[in-house]
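Here are the chains, one letter per residue:
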Amino acid sequence: MVRIACIDGDGIGPELMDSAREVLAAAARADGFDVEFGDEPGGARVFSETGAALAPGALERFRSDYDAVLKGPVGLPEVRHPDGTEAGVLGGVLRGGLDTYANVRPVRLLPGVRTPTTHQVIDYVIVRENTEGLYLSRGSGVRNDRAASDQLLMTRVGVERVVRFAFELARRRSGAPEDGVRRVTCVDKSNVLRSFAFFRDVFDEVAARYPDVAADHRYSDAAAHDLVVAPAAFDVLVTENFLGDLLSDLGAATVGGLGMCPAGNIGADAAYFEPVHGSAPPLAGLDRANPTSQILSAAMLLEHVGRTGTARRITGAVESAYAAGAVRLGADGTPEGGTRAVTRAVVERL
Ligand code: IPM
Ligand code: MN
């Protein structure tokens, strides 16, 4: 039995979550175990109705009543704090509240999917530090009419644990596509900012403890360039919160768009899984959004709870649906037949 807390979220969230639940239930059935879904409301709509982005006690339940959390995209443009930032997007609440310090964002070009790059093999993982960096300033920056400022914080404990996570992940993965060498690339702006020089120094200290994994460096601007022109140079990347947020959307653009990209937020005793993208309110309820990111997030969840075979069953079915041309993406990244057609094409191949 795998117990999954479901945060359906806003906009296209509920329909993507329906798709993921259908795939999870069918895959678990095929492998002879049960999944139990618990409904846990959360997001911008919940915030506007109740004044809190999650129901009382939700964080505790995630830790004790469930094996992991599957979350749909959240956020509604009209739901904002008085300072202009978005309300109910759960970034700080979940990542800080569950201390999920590693945001794991695989970027992989599936067979049959068109890329705007000239590369046919794109397969790397961005590990985004998830609990500090620039976004720790969320809600505490200062602003007046003439100026505004936010603070970027790096701590030794925070950098060390996420860098260690990246090296452990590199050991489990098969290596960079180019040369098969296991590699972790530190992405920073240490040529300009002290906080990033600190990040790089801690990275180098940790890297020395992993002699079997190559350690590499890129300044963040060069990383953005190379992710487009030389993606095969990358295996695992580790970077600061804000940079990881940017670079993971850039990576998504090279593999068919945000609708292709899942994420896992992993901590020592809790984890949640979600698409990399937002809630796309204009597409909500239209059966148009691409559920692939949500389905692949569900597969990451299963892998995390030790159901590796079932996770592979799902990723295999997704790959084969794209490879066979049963799912084709339009120019705007939405699938030609719609959300439910993608779900059916995947479930048929499980
Ligand atoms: C993401 C999102 C979030 C973030 C927002 C919605 C708070 O962009 O998960 O990448 O900034 O991290
Ligand atoms: Mn983002």
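This one's a predicted model, so the numbers in the text were calculated from it and none came from an experiment.

### Notes on the sheet that holds strand β9 (residues 214-219)
The 10 strands lie next to each other as β2-β1-β3-β12-β11-β4-β5-β10-β8-β9, forming an open sheet whose pairing is mixed. With partners counted over all chains shown, the strands left at the sheet margins are β2 (35-39) and β9, one partner each. Pairs of neighbouring strands in the sheet enclose a mean axial angle of 25°, with direction left out of account. Sheet analysis places strand β1 (residues 2-7) next to strand β3 (residues 68-71), joined by four bridges and oriented parallel. Within the sheet, the bridge partner assigned to I7 lies in β3 and is K71.

### Notes on the pairing of β1
Pairing of β1 with β2 involves five bridges; the strand directions are parallel. In the strand pairing of β2, A5 is matched with G38. Once you follow β1 into helix α1 (residues 13-30) and on to β2, the crossover reads as right-handed.

### Looking at the UniProt feature "domain: Isopropylmalate dehydrogenase-like" (unreviewed entry) in the chain
Mapped onto this numbering, the UniProt entry annotates "domain: Isopropylmalate dehydrogenase-like" (unreviewed entry) at residues 3-346. Note that residues 3-346 is 38% helix and 17% strand, and that its end C-alpha atoms are spaced 22 Å apart.

### Overview of helix α8 (residues 241-254)
For α8, which comprises 14 residues, the first-to-last C-alpha distance of 20 Å matches the rise-based estimate of 20 Å (1.5 Å per residue) to within 8%. By the burial criterion, the buried members of α8 are N241, L243, G244, D245, L247, S248, G251 and A252. Contact partners of the buried residues in α8: β4 (102-108), β5 (123-129), β8 (183-188), α7 (220-229) and β10 (236-239). The positive-phi residue at the C-terminal boundary of α8 is G256, with phi of around 105°.

### What about the pairing of β9?
Where β8 lies against β9, six bridges are found, and the strand directions are parallel. The residue of β9 that forms the bridge with V184 is A215. Assessed by its sense of winding, the connection that carries the chain from β8 through helix α6 (residues 194-207) to β9 is right-handed.

### Structural notes on the nonpolar core
Generally speaking, nonpolar side chains in soluble globular proteins are found buried as a group. One finds V127, A166, V236, V238 and A298 to be the most contacted residues of the largest nonpolar core, which totals 99 residues. In terms of residue count, the dominant contributor to this core is helix α5 (residues 156-172) (eight residues). Residues in contact with A298, not counting those within four places in the same chain, are A20, V23, L24, L70, F273 and I314.

### A closer look at the site of ligand 1
The local shell around ligand 1 consists of G75, V89, G91, D245 and V276. For the shell around ligand 1, the per-class residue count stands at two nonpolar, two polar and one charged.

Scoring rules and cut-offs
Residues numbered from 1 in each chain as written. Chains lettered and ligands numbered in written order. Predicted model: local features only at pLDDT ≥ 70, side-chain atom pairs only at ≥ 80, totals over all residues. Pairing = 2+ DSSP bridges. Helix = DSSP H or I, 4+ residues; strand = E, 2+ residues; numbered from the N terminus. Axes fitted to C-alpha atoms, helices over the stretch in contact; angles between N-to-C directions. Right-handed = clockwise from strand over helix to strand, strands pointing away. UniProt positions renumbered as here; feature names shortened; annotations may be inferred. Expected span 1.5 Å × (residues − 1). Buried ≥ 20, exposed ≤ 12 C-beta atoms within 10 Å, placed from the backbone. Contact = placed C-beta atoms within 7 Å. Core = buried A, V, L, I, M, F, W, Y, C linked by C-beta atoms within 7 Å. Near = placed C-beta within 6 Å. Nonpolar A, V, L, I, M, F, W, Y, C, P; charged D, E, K, R; others polar.

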